[in-house]
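One-letter residues, chain by chain:
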Amino acid sequence: MRVNPSKKMSLFEPAIFAKLKSFAKQQEKLLGFNLIDLSLGSPDIPPHDMLLKSMSELSSQASSYGYTLTGSNEFYEAVARYYLRVNKVELNPQHEIVQTIGSQEGLVHLPIAFCDPGDYVLTTNPGYVAYAAGITLAGATPYYIPLDGDNGFLPKLSAIPEEIAHKAKLFILNMPGNPVPMAPSIEYFTEVVDFAKKYNIIVLHDAAYSEFYFTGDSPISFLAAPGAKDVGLEINSLSKSFSLAGARVAYIAGNAEMIDIIKQLKSNLDFGIFNPIQATAALALDHAEEITAPLRTTFAKRHAILMQGLLNLGWEVAPSNGGMFVWAKYPYEIDSVSFAFKAIEQTGVLMVPGTAFGSEGEGFVRLALVQNENLLSEAVSRLKTLSI
Ligand SMILES: Cc1ncc(COP(=O)(O)O)c(C=O)c1O
């Protein structure tokens, strides 16, 4: 038979990540050098022993295998306790939190719950790729706010045209960001709340990297801004902070009316997450400080090595105090996709071209801090030999 994809499928292009990886594998064989993969933000640190033990004990119980349908009370209460301890934000466990199957699932489905074709969704360029996928699924129209270094890579609200703001239904933000690891501030989030109230826009802040900060206090939660719960939501995940990426567990917290609508949508889409994962996630949240402190020490060291190394090579590096990535401008006149392929060919270092995250990423690459310090130093030494 002839298989014809839907028209909508033309909007979902194959991701560049897969092409880079298969090229890198070929080169590894051809050139005989080992790759240093700084492409995907997949945590390389194993989950805490306490979490591994919990998963294995609970998974061996026959009673763990029924449908869960939704998030468990145990999970929701742990999220509420975590938000209160870490962010000083009170959440009602039953009405202000909904569990999602990783934040990816939440991000791609959420626009369906609030946007109709013709509605605009504000987000950033560059930005995390799932936002565009969700906007496309909902048939909404993205409006990309450029992130530029002169403005500390913060999305400039005054640059959003009035007519777009009036047609916007949703605003998706991400700090510390991927790929640009800019930090949030209470002042900025307060500005976002005022803007959202003025134009009646739902805000969704993606806090996937909230436990990744190098010095000082944790990045501010969007829900800690005055009035934030009137206008929006925060999505967070256990993938990065607790090295549970494969377990697929995350949550959205905030405005009760919005949470209710998302729960209604999800009751038609999925039947919940495996109970041992939910219980282990609750355990992780209850021990967050103990589990995430070593991660910060490790990532701060990695960040310092890579940032300083690239600066020494004459690259420009976006300043940051957190996140899992380095966003860097290379000193060569070549587009970012060709540059990423050349870097693999000549050095075996895998980086993601900036344009994978939007047109404003031209001239940049994203490097994930997912290798140990020695390999990051080795990556810098290899990049020094590039001839372009
Ligand atoms: C900013 C951001 N949000 C969400 C996700 C999705 O993570 P997960 O679905 O594992 O929670 C990622 C993954 O890289 C990310 O970088």
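Residues numbered from 1 in each chain as written. Predicted model: local features only at pLDDT ≥ 70, side-chain atom pairs only at ≥ 80, totals over all residues. Heavy atoms only, no water.

Q: Got a sec to walk through the overall build of the chain? Specific residues and values, please.
A: Within the chain, the secondary structure is distributed over 13 helices and 13 strands. Against the compact-globule benchmark of 21 Å for 388 residues, the chain has a radius of gyration of 21 Å, which places it among compact chains. Dimensions along the principal axes, computed over C-alpha positions, put the chain at roughly 60 × 55 × 55 Å. Sorting the 388 residues of the chain into buried and exposed places 52% on the buried side. Of all intrachain contacts in the chain linking residues separated by at least 6 positions in sequence, the fraction that spans at least 24 positions is 75%. For the chain, the accessible area works out to roughly 17,100 Å², and carbon and sulfur atoms hold 54% of it. (Helix = DSSP H or I, 4+ residues; strand = E, 2+ residues; numbered from the N terminus. Rg over C-alpha atoms; globule rule 2.2 N^0.38 Å. Buried < 20%, exposed > 50% of the residue type's maximum accessible area, 1.4 Å probe, protein only. Contact = heavy atoms within 4.5 Å. Areas by Shrake-Rupley, 256 points an atom, 1.4 Å probe, with all protein chains shown as cover.)

Q: Which residues make up the sheet that holds strand E6 (residues 202–206), and what values do they have?
A: Spatial ordering of the open sheet is given by E2-E8-E7-E6-E5-E3-E4, a layout of seven strands whose pairing is mixed. Two strands bound the open sheet, and with one partner strand each, they are strand E2 (97–100) and strand E4 (141–146). The average undirected angle you get between the axes of adjacent strands in this sheet is 25°. Note: E6 against strand E7 (residues 232–237), four bridges, orientation parallel. When the bridges of E7 are listed, His205 appears paired with Glu234. Contacts between helix H3 (residues 73–87) and the sheet are confined to E2, E7 and strand E8 (250–254), with E2 contributing the most and set at about 115° to the helix. (Pairing = 2+ DSSP bridges. Axes fitted to C-alpha atoms, helices over the stretch in contact; angles between N-to-C directions.)

Q: Summarise unusual backbone geometry; cite the residues concerned and give the values.
A: For the bond from Asn125 to Pro126, the omega torsion is 0°, close enough to zero to count as cis. Residue position: Pro126 is located in the loop between strand E3 (120–125) and helix H5 (129–137). The linkage connecting Asn178 with the following residue, Pro179, adopts the cis geometry, with an omega of 10°. Topologically, Pro179 is positioned in the loop between strand E5 (168–174) and helix H7 (186–199).

Q: How would you explain the domain arrangement of the chain if you had to name every residue and give the values?
A: Taken domain by domain, the chain comprises domain 1 (7–46 + 290–383) and domain 2 (63–289). The C-alpha centroid of domain 2 is placed 25 Å from the C-alpha centroid of domain 1. Contact residues are listed per partner, giving 31 residues for domain 1 and 32 residues for domain 2. The contact between domain 1 and domain 2 buries some 2,900 Å² in all, and 64% of this surface belongs to carbon and sulfur atoms. Sorting the residues of domain 1 by area buried against domain 2 places Arg296, Asn321 and Phe357 first, and these three jointly supply 20% of that buried surface. Along the contact surface separating domain 1 from domain 2 lie one salt bridge. For Arg296, the salt bridge goes to Glu211, with nearest N and O atoms at 2.9 Å. Where domain 1 packs against domain 2, one counts 20 residue pairs in polar contact (both at pLDDT 80 or more). Mapped by element, the contributors of at least two residues to the side of domain 1 that touches domain 2 are helix H11 (288–312) and strand E10 (325–329). (Domains from an automatic or database assignment. Buried area = accessible area lost by both parts, 1.4 Å probe. Salt bridge = Lys/Arg side-chain N within 4 Å of Asp/Glu carboxyl O. Polar contact = N/O pair within 3.5 Å; in protein donor to acceptor, adjacent residues only side chain to side chain.)

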